Amino acid sequence: MWAYVVRRLAYSLVTVLGVLFLLFVLFFLVTNPDDIARKAVGEKAPPQALEQWKKNHGYDKPRFWNREQPTDSMLVDHFRRMLTFEFGNSDADDTPIWRRLRSGAGPSLSLSLPLFTLGLLLTISLGLLVAFFRETYIDRMGVILCVLAMSVSTVLYIIGGQYLIARVLRWFPISGFDPSPAVIGRFLAVPVLVGLLSNVGDSVRFYRAVFVEESSRDYVRTARAKGCGEARILSHHVLRSSLVPILTQVVVAIPQLVMGSILLESFFGIPGLGSITFDAINANDFATLRTMVYLGSLLFILGQILTDVSYTLVDPRVRLE
Amino acid sequence: MSTPAAPSTCESAETVLDVRDLVTSFPGPNRRIAVVDGVDLTISRGETLALVGESGCGKSLTALSILRLVPKPGRIDRGTVRLGGRDLRALPVAELRRVRGHEISMIFQEPMTSLNPVVTVGKQVIEAIRLHERVSSALARRRALALFEQVGIPDPASRLDAFPHQLSGGMKQRVMIAMALAARPSVLIADEPTTALDVTIQGQILDLLREVRDLLGTAILLITHDLGIVNELADRVAVMYAGRLVEVGMRTDILSAPRHPYTQGLLRSMPARARRGERLTEIAGVVPPPGQWPTGCRFAPRCTRAFDPCARIDPGPTRLSANHTAWCHAVAREEGSPPAGGAPA
Amino acid sequence: MEPYLLSNAVVVALLAGLGAALVSAGRSRVWRDAGRELVRRRPIALAILLAYVAIGLLDSLAWVSGSSGGAMPGGDTVSLHKPRSAIDRLFPDDSYREKSYSAPLAEREFLGGAPLRHPGRHLLGTDILGRDVLYQTLKGARVALLVGGFTTLIVIPLALLFGVVAGYFGGRVDDVIFFLISTLASMPGLLLLIALIMVLGRGPVQVCVALGVTGWVGFARVVRGETLKLRELDYVHAARALGASDARIVLRHIVPNLMHLVVITFVLTFSGLVLSEAVLSWLGIGIDGSWGRMIDQARDELSRDPIIWWNLVSASFALFGLILAVNLLGDAVRDILDPRTLRERA
């Protein structure tokens, strides 16, 4: 198996290089450094200021190939720095990107971890419940509710949730964040709730489909013939053999866990990585945005390897070659 | 297992399973279609009854109906299924669960897909034990080990922790049998247990079933389309066609002296019976799909002996001897009784 | 050529294309049955979707009226020669423009109580700039259909092309394309989308292109997988043994068997795209005039006291209605075109 992991890591490295190249094309070839400089320094700035700014941010070098010093081009720079996690400063306000990442990671995790775990527990349980009652009214109602819930935009959940809970009921603060353990829950309650609601429709429908599909398999029929009750069939047999699609869903969520939800954080005033991304959009901060996409991709690729490996633990039929 | 005892006789044994007028239907394009259309079966203790017919005649569904395992949207419409005096159809689900696996077990045709792929076979057999008896897991494991030995699985201790995909088809079927016998049922339903297996393995599984019958006294309802297996294992035979029984009798009667034209046709068409260089006999026509059955006797369109009442009236049972019955107007006429039967279908 | 004439031509061309596709599908019994089944199962959702499409279409065809319209009170002669669509023409020239907020069917302004220019005419009220909310909501339909439909028109051919080529030819070609697909797929969707729009610019075409670029990868993977399976089918081997060229095999045997996937994917991604645009509007980089933009502009108004709710509610329901209809249809389409049931019906 270790040979597989090593091979996957090697392939992933190539993928990372591909991602970096794509980012290079996007951020250095398609965009015009003069535009970025002008936005950062100001429209009316003198040309020397623009040049100086471009020099500071590495936009003044030749794009691909430098005749004097072959390794001193934007392309090489970009690759070298990204691979060594040397992110430099923000295009907008010149603060070191690493510092902002460090400060944002904590708040992001404090929102995304509870959201993720609660979401997983909730949607799997609801999925099992609806699958238990399949083809009855409860099932039909459940599916209808899911489709209705899915059709509402996350944006509307945020607005609605905030309005209802924070303004009308006044149970929790409207927005803001305070990391001290005593009060952190109050600030996270509404975003977590809203986040759960916006995902529940889609996820429950997906899990229900998986569980119902597994329930119609032959081995479930054997279990019934042995005298297994429906509840035990779902919890012991179906759940265990559904772990592969469940794990796949988990991996898709991993980048979001760390990178934070841009929507939730920006709206509820949680100073996490998602908020940082949101600010970068508004400030045309390409350097930060670039970094965020890169980090998100790294996490996703890593997550995929982890998932493949975890398949072997969960499903004995999976053999990684 | 050790040497087989003498085969059990069935005349003096008591009835363990008594199915009457079983009707199971599925929704069709216009109305519900009774895919099992009024089937009666009885099995005595220690007896092996073979339920024979072509694909699609409803024999598997009959078996599933006995255990109330009919997949939705199918439904059991009518009939009683008496096991040891109790009607299984009337039991509440919790009680039925106690019966399943404990008093009556079932093994299926596809051992490949009939075992949970992510659970060890040992655990699956242990589950079959612990669902019905309060035993410690250690004791259950010992029992499972013993069962594995009984069904002839080599190196049983290590096999307990194997996963289904690590076992061959024949081995998997042995596990299924072990699982089915774990709670010591009085009836075992075997739905085409050897159809999916290699010919060489088929023989081994049949031997195993024979041992089960002889040593444990388990009654077996054997579903099959293979007359060779019927010859090897059955005490009595019931022949089904298009959802209905056409002939029931002792093995010797059915195999050597069948009376119903369909049974006769089946036996004539066995390749083993053909002589070298001769054309294989076949039954003309094809089995009508469910819902498109003709009125009257369902075999009539293909029958060489069909005459006037066959296309109009369902043939009722004609008793040929204590253990031999046929549903056929031609047979009834031979026996001298007037064509019995229900109203025109 | 005037831009509005060009866009009219595009719309007519799209309609013609759609008509041709429907006609050719109608020739096959499988597709006809599928269509009938869809109408039988989800008549309401279908009707709702058609209503949206009709509104969007009415808004897509614009023309310039002659000056015979006569001067309208408060209107200026310049705008008489602006190309206006059928929806535009439901409202008078300045679309009942007011100064600021007014409640639905109100006679007076919301703040201050001054009498309105068109009292009682605003069925859904007006927003902060005095624009009629019903008018804006109706116009949002075209934007939503543009985002969903136009983008899918990019996504599907792109995904088909790459997926089929990768799956059919295999080898190096497959390696390269698969690498491209997995690289794109490794980048978190929303982030990549944002990056693309920031880089390409914030116009409607750019947004659609960005949505298309991020969206084609998933379907391409599915197409590639299906093509790999189809390639190994017996009749494909037979066709090759008979000497059929690769192009012929692909066009006659492989692509038609992917059509059910195309239809399912089209319907399923449509709602995803429209919802994505709403999120982008929220982040400030959406398309002007979309319901998402309306919602974004309206969100602060909930905090006012007394609250202003009509523009938010109107846009929300419009968005919800379309997405719900498409989701319901998508489910039905997926069930109907399930390969297992297709085979039984054929």
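Residues numbered from 1 in each chain as written. Chains lettered and ligands numbered in written order. Predicted model: local features only at pLDDT ≥ 70, side-chain atom pairs only at ≥ 80, totals over all residues. Heavy atoms only, no water.

Undergrad: Just to check I follow, could you spell out the interface of chain A and chain B for this structure?
TA: For an interface, size is often stated in terms of accessible area lost upon the parts coming together. Listed by partner, the interface residues are 20 residues for chain A and 26 residues for chain B. Summed over both sides, the interface of chain A with chain B buries roughly 2,100 Å², with 62% coming from carbon and sulfur. Seen at the junction of chain A and chain B, the total is two salt bridges. Of the charged contacts, one joins E127 of chain B and R232 of chain A as a salt bridge, the two residues approaching to 2.7 Å between their closest N and O atoms. Between chain A and chain B we count eleven residue pairs in polar contact (both at pLDDT 80 or more) in total. Breaking the side of chain A that touches chain B down by element, the ones donating at least two residues are α9 (218-226) and α10 (230-241) of chain A. Among the elements that line the side of chain A that touches chain B, the one with the most residues is α9 of chain A, at seven residues. Looking at the side of chain A that touches chain B, its residues break down into five nonpolar, five polar and ten charged. (Contact = heavy atoms within 4.5 Å. Buried area = accessible area lost by both parts, 1.4 Å probe. Salt bridge = Lys/Arg side-chain N within 4 Å of Asp/Glu carboxyl O. Polar contact = N/O pair within 3.5 Å; in protein donor to acceptor, adjacent residues only side chain to side chain. Helix = DSSP H or I, 4+ residues; strand = E, 2+ residues; numbered from the N terminus. Nonpolar A, V, L, I, M, F, W, Y, C, P; charged D, E, K, R; others polar.)

Undergrad: Which parts of the structure should I look at to understand the domain arrangement of chain B?
TA: Residues and elements named next belong to chain B. Along its sequence, chain B is organised into domain 1 (15-234) and domain 2 (263-334). With centres defined by C-alpha atoms, the gap from domain 1 to domain 2 works out at 29 Å. Carbon and sulfur atoms make up 68% of the surface buried where domain 1 meets domain 2, a total of about 700 Å² over both sides. Here domain 1 and domain 2 share one salt bridge between them. Of the charged contacts in the structure, one is a salt bridge between D37 and R298, with a shortest N-O distance of 2.6 Å. At the level of secondary structure, the elements contributing two or more residues to the side of domain 1 that touches domain 2 comprise β2 (32-44) and α8 (227-233). For the side of domain 1 that touches domain 2, the element with the most residues is β2, which contributes four residues. (Domains from an automatic or database assignment.)

Undergrad: Looking at this structure, how should I read a nonpolar patch on the surface?
TA: A contiguous nonpolar surface patch, about 500 Å² in accessible area, is contributed by L6, V10, L14, L146, F150 and L153 of chain C. Those elements that place two or more of their residues in the nonpolar patch are α1 (3-26) and α5 (133-169) of chain C. (Patch = residues over 30% accessible without salt bridge, like charges linked within 9 Å, V, L, I, M, F, W, Y side chains within 5 Å. Areas by Shrake-Rupley, 256 points an atom, 1.4 Å probe, with all protein chains shown as cover.)

Undergrad: How should the sheet that holds strand β12 (residues 318-321) of chain B be read in this particular structure?
TA: In sheet architecture, strand pairing relies on hydrogen bonds along the backbone and comes in two forms, parallel and antiparallel. Residues and elements named next belong to chain B. Reading across the sheet, the eight strands line up as β6-β7-β8-β3-β9-β10-β13-β12 and stay open at both edges, with mixed pairing between neighbours. Edge positions in the sheet fall to β6 (104-107) and β12, since each has one partner strand and no second. Put simply, the sheet's adjacent strands are angled 20 degrees from each other on average, direction ignored. Across the sheet, helix α1 (residues 59-66) lies against β3 (48-52), β6, β7 (187-191), β8 (219-224) and β9 (236-241), angled at about 145 degrees from β8, the strand it touches most. (Pairing = 2+ DSSP bridges. Axes fitted to C-alpha atoms, helices over the stretch in contact; angles between N-to-C directions.)

Undergrad: Mind showing me how you'd approach the arrangement of the chains here?
TA: Across the two pairs of chains in contact, the largest number of contacts is found between chains A and C. Between chain B and chain C there is no contact, and the shortest C-alpha to C-alpha separation is 12 Å.

Undergrad: When you look at the pairing of β8 of chain B in this model, what are you seeing that I'm missing?
TA: A regular strand places its side chains so that they alternate between the two faces of the sheet. Residue and element names in this part refer to chain B. Burial runs high along β8: six of the six residues are buried. Alternating residues of β8 divide into A219, L221 and I223 and I220, L222 and T224, and every residue in both groups is buried. Where β3 meets β8, five bridges bridge the pair, whose relative direction is parallel. Residue pairing for β8: L49 is matched across the bridge by L221. As paired elements, β7 and β8 share five bridges and run parallel to each other. Along β8, the bridge assignment pairs A190 with L222. In this region the chain leaves β7, passes through helix α7 (residues 199-216) and returns to the parallel neighbour β8; the handedness of that crossover is right-handed. (Buried < 20%, exposed > 50% of the residue type's maximum accessible area, 1.4 Å probe, protein only. Right-handed = clockwise from strand over helix to strand, strands pointing away.)

Undergrad: Honestly, the pairing of β9 of chain B in this entry has me stumped. Any pointers?
TA: All names here are of chain B. With six of six residues buried, β9 is to be regarded as a mostly interior element. The alternating pattern of β9 places R236, A238 and M240 on one face and V237, V239 and Y241 on the opposite face, and all of these are buried. Examined bridge by bridge, β3 and β9 share four bridges and lie parallel to one another. Opposite L49, over in β9, you have R236 as the bridge partner. Examined bridge by bridge, β9 and strand β10 (residues 244-250) share six bridges and lie antiparallel to one another. Residue pairing across strands places M240 opposite L245, the latter belonging to β10. As consecutive antiparallel partners, β9 and β10 are separated by two residues, and within that stretch A242 has a phi angle of approximately 50 degrees, a positive value.

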